[in-house]
Amino acid sequence: MLAIGEIRTGLVQNSTSVPANLTVRALALLPGELVRSSERPIAYAVSPDRLTGLDCRLATPTRVRTRGVGTAVSRAAITGGRVLQASTHTVLVAAGSDRRLPWAHYLARPGIIEVAGRARFADLADGYLGPPQPATLDLAALNERILDDIVVRPELDRRPPFRVARTTLRWVAEIADEPPGARVRGAPAPAEDEPEAQFWLASGTLRTARLSLPASQLSTVVELCEDLALHDWLLTTVTGLIERSRPDAAATSAASTAAVARMRPAVDHLLHLWMPAARVDRRLLPLWESLERRPGFTRQWNVSVNRIRDQIAVTTVGLLGVVAEGVARA
Amino acid sequence: MTKAEMVFGEVTAQRKVASVPLSHLSIELGHLYREDLAAEEITGYGRRLGHHFKSIRPWVDALRHGFTDIRPGRAPRISTCFLVDDYFGEFSTPAELIPALVTAADSVGLQIDYLARESGCADADGVPLAALVESRLVDDPPPDTTGTRPPARETGWLSNGQRTPGSTEALSVVSGWAAPTENGARNHSIFVDVEMWNEQDGRRVWSCPFLAAVWQLLRLGLLRNLGEPVAVPAQLALADLPTSWAELPVVSQLTPRPAPFSAYRTASVLASRFLPVELAVRTILSQVHVDPDADQQVMTRSGAEAVTLPAEVVDRVSYVFLS
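Okay, so let's go over this structure. (Residues numbered from 1 in each chain as written. Chains lettered and ligands numbered in written order. Predicted model: local features only at pLDDT ≥ 70, side-chain atom pairs only at ≥ 80, totals over all residues.)

**What about the overall build of chain A?**
Then, in step 1: Across its full length, chain A holds eight helices and ten strands.
Then, in step 2: Reported as C-alpha extents along the three principal axes, the dimensions of chain A are approximately 90 × 50 × 35 Å.
Then, in step 3: Relative to its 330 residues, chain A shows a buried fraction of 41%.
Then, in step 4: Considering only intrachain contacts with a sequence separation of at least 6, the fraction spanning at least 24 residues in chain A is 72%. (Helix = DSSP H or I, 4+ residues; strand = E, 2+ residues; numbered from the N terminus. Buried ≥ 20, exposed ≤ 12 C-beta atoms within 10 Å, placed from the backbone. Contact = placed C-beta atoms within 7 Å.)

**Focus: unusual backbone geometry**
Then, in step 1: The linkage connecting Arg 40 of chain A with the following residue, Pro 41 of chain A, adopts the cis geometry, with an omega of -5°.
Then, in step 2: Within the secondary structure, Pro 41 of chain A is located in the loop between strand E2 (36-38) and strand E3 (44-46).
Then, in step 3: Residue Ala 277 of chain A is not a glycine yet carries a positive backbone phi of 65°.
Then, in step 4: Counting through the fold element by element, Ala 277 of chain A comes out in the loop between helix H6 (253-270) and helix H7 (285-293).
Then, in step 5: Classification of Ala 277 of chain A as buried rests on a count of 20 C-beta atoms within 10 Å.
Then, in step 6: Here Asp 201 of chain B, not a glycine, exhibits a phi torsion of approximately 55°, which is positive.
Then, in step 7: Within the secondary structure, Asp 201 of chain B sits in the loop between strand E8 (197-200) and strand E9 (203-206).

**Quick look at the pairing of strand E3 (residues 114-117) of chain B**
Residues and elements named next belong to chain B.
Then, in step 1: Burial along E3 is two-sided: Tyr 114 and Ala 116 and Leu 115 and Arg 117, pointing in opposite directions, are all buried.
Then, in step 2: As paired elements, strand E2 (residues 78-84) and E3 share four bridges and run parallel to each other. When the sheet's bridge partners are listed, Leu 83 is paired in E3 with Ala 116.
Then, in step 3: With helix H4 (residues 94-107) bridging E2 and its parallel neighbour E3, the resulting β-α-β unit is right-handed. (Pairing = 2+ DSSP bridges. Right-handed = clockwise from strand over helix to strand, strands pointing away.)

**Topic: the interface of chain B and chain A**
Then, in step 1: Counting residues at the interface gives 34 residues for chain B and 34 residues for chain A.
Then, in step 2: It is helix H6 (residues 129-135) of chain B that contributes the most residues to the side of chain B that touches chain A, three residues altogether.

**Structural notes on the packing of H6 of chain A against helix H8 (residues 297-329) of chain A**
All names here are of chain A.
Then, in step 1: One way to put it is that H6 packs onto H8 with a least axis distance of 9 Å and a crossing angle of 140°. In this view, H6 runs oblique relative to H8, as classed from their interaxial angle. Crossing hand, H6 versus H8: left-handed. Only Ile 308, Gln 311, Ile 312, Val 314, Thr 315, Gly 318, Leu 319 and Val 322 of H8 make contact with H6, whose side of the interface consists of Ser 253, Ser 256, Thr 257, Ala 259, Val 260, Met 263, Ala 266 and Val 267.
Then, in step 2: Of the residues contributing to the contact of H6 with H8, the split by class is ten nonpolar, six polar and no charged. (Axes fitted to C-alpha atoms, helices over the stretch in contact; angles between N-to-C directions. Parallel < 35°, antiparallel > 145°, perpendicular 65-115°, else oblique. Left-handed = near helix turned anticlockwise from the far one by under 90°. Nonpolar A, V, L, I, M, F, W, Y, C, P; charged D, E, K, R; others polar.)

Below, the structure written as structure tokens:
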């Protein structure tokens, strides 16, 4: 089995942080369906799942012929009233036959694509993370559509306080099959205790992640990846704001004040959102911890936050000096 | 090392879906169009309805006796129902028709446990059931559906395959005719294109097959609104019947202690002239993504009773077609 997914993360198109009740209304994409939400440790709401039917080729490095039939699950989530994510995923499994079955068969197994052909799961993982191939499975388009549907919601005023790029996380999770009873007593436990994670910055806004986990943790991997995407976006956005405000180039106290002003959106809107692994299933915490060792998200975040705070402190001292001088002169 | 851990949970973060009581089997005691009943104004309800119930009685018995998917020694929970077509215009009155139906069924030893109004399948006391079901449609994708483009919908229609090219794209260059195709056809296509609704006088009018698909989902206990059950049966006093269908509950309970209205499986005994309607119903049901939690409840409870149910919702629906 191979779980694959894509997450787009960006700023909610609204002038202020969206209050919880409006967030829930903005995410009501399916009439008659509940929007799930929680307040602790951070405000979070997620839309009902949207299913899309698919019947197409899947990308592989060797372009070997494969056909996948089934559905992908898409949803949108808003964190802290500020960050909007669209997330689509599906699980690839081997098809029982080469024939296409009645559609009711696939709808009874939501979020699964049955793959016929000779491709191995490792090829499908490489193909999905590799360069885009035309006329193959397009999870990105499903995310774009769900974002389009959210943007036009009347609950949002479409006047964001600052402009930042969206980031995309494309992920695969190789699932170790554990047939019941296959484990011999006393034999070393399989991957259960050691889920693995790798994370790359593929380009300016594209990230890829490759995970491997036991089947029992499949249901929690999407939340882990959404959390990963959220924090990567926060980090990317805050470091981007620092770079753009160029505090090191500020020679005068006026320039320094201007640099701090440019960093202000980060302070006002983003710094309080850092809460890694807040909703991640604790069985997957080792994955987060390994990502904290390398590339070390929180380490870099703390450096960035300290840089902003130092800059504010230095600028404040400078301003106090100016004020004190004025007082002394008067 | 032992670690004390607190489990933190918030109620709204969980998806809550209420469950409904379930029988083993829901038997529909035939169906009649409004016209069938209107004609009775001349000859009286009794004879025509008596003939109707008499013709289906052996098949209802066969369904009851044939139901063996149950632990030995247990009596199956079976309820019966009848759907009155009050959506496409007013006709007769509950006070007039219901006693006639009950008497006619009784004359051949059949009991109608539940009576439902077809208009309730469109709107059940303010809950737009048909619209809720339409929003849960997941189109059967033709080959080469990568997700890049949204499903090619012909407004108000639902098919089981690919329409003739040009029929959906006004600007396409039509280079001769190409046949429509059924997805996953066995050698040859049986292409079905169902009109789900149209607009009449600025109002959306749902088609008979679409309402019948909603009716099947109600009988299968798979519909919810914001996690709550819909069209819950209400007891009806036969002595005090209203003169307008709209005053009747969506699903009325007519007998004192029937088995639950919704069931693991449904069976309908119908005249063969309803076969095209039911083909359309099955085309729709094959593309409805039912509430996964409601479906899980059905699967768990049937499993606990050692009843085997197909995962495919449409395969829980069966028929007897009579000439």
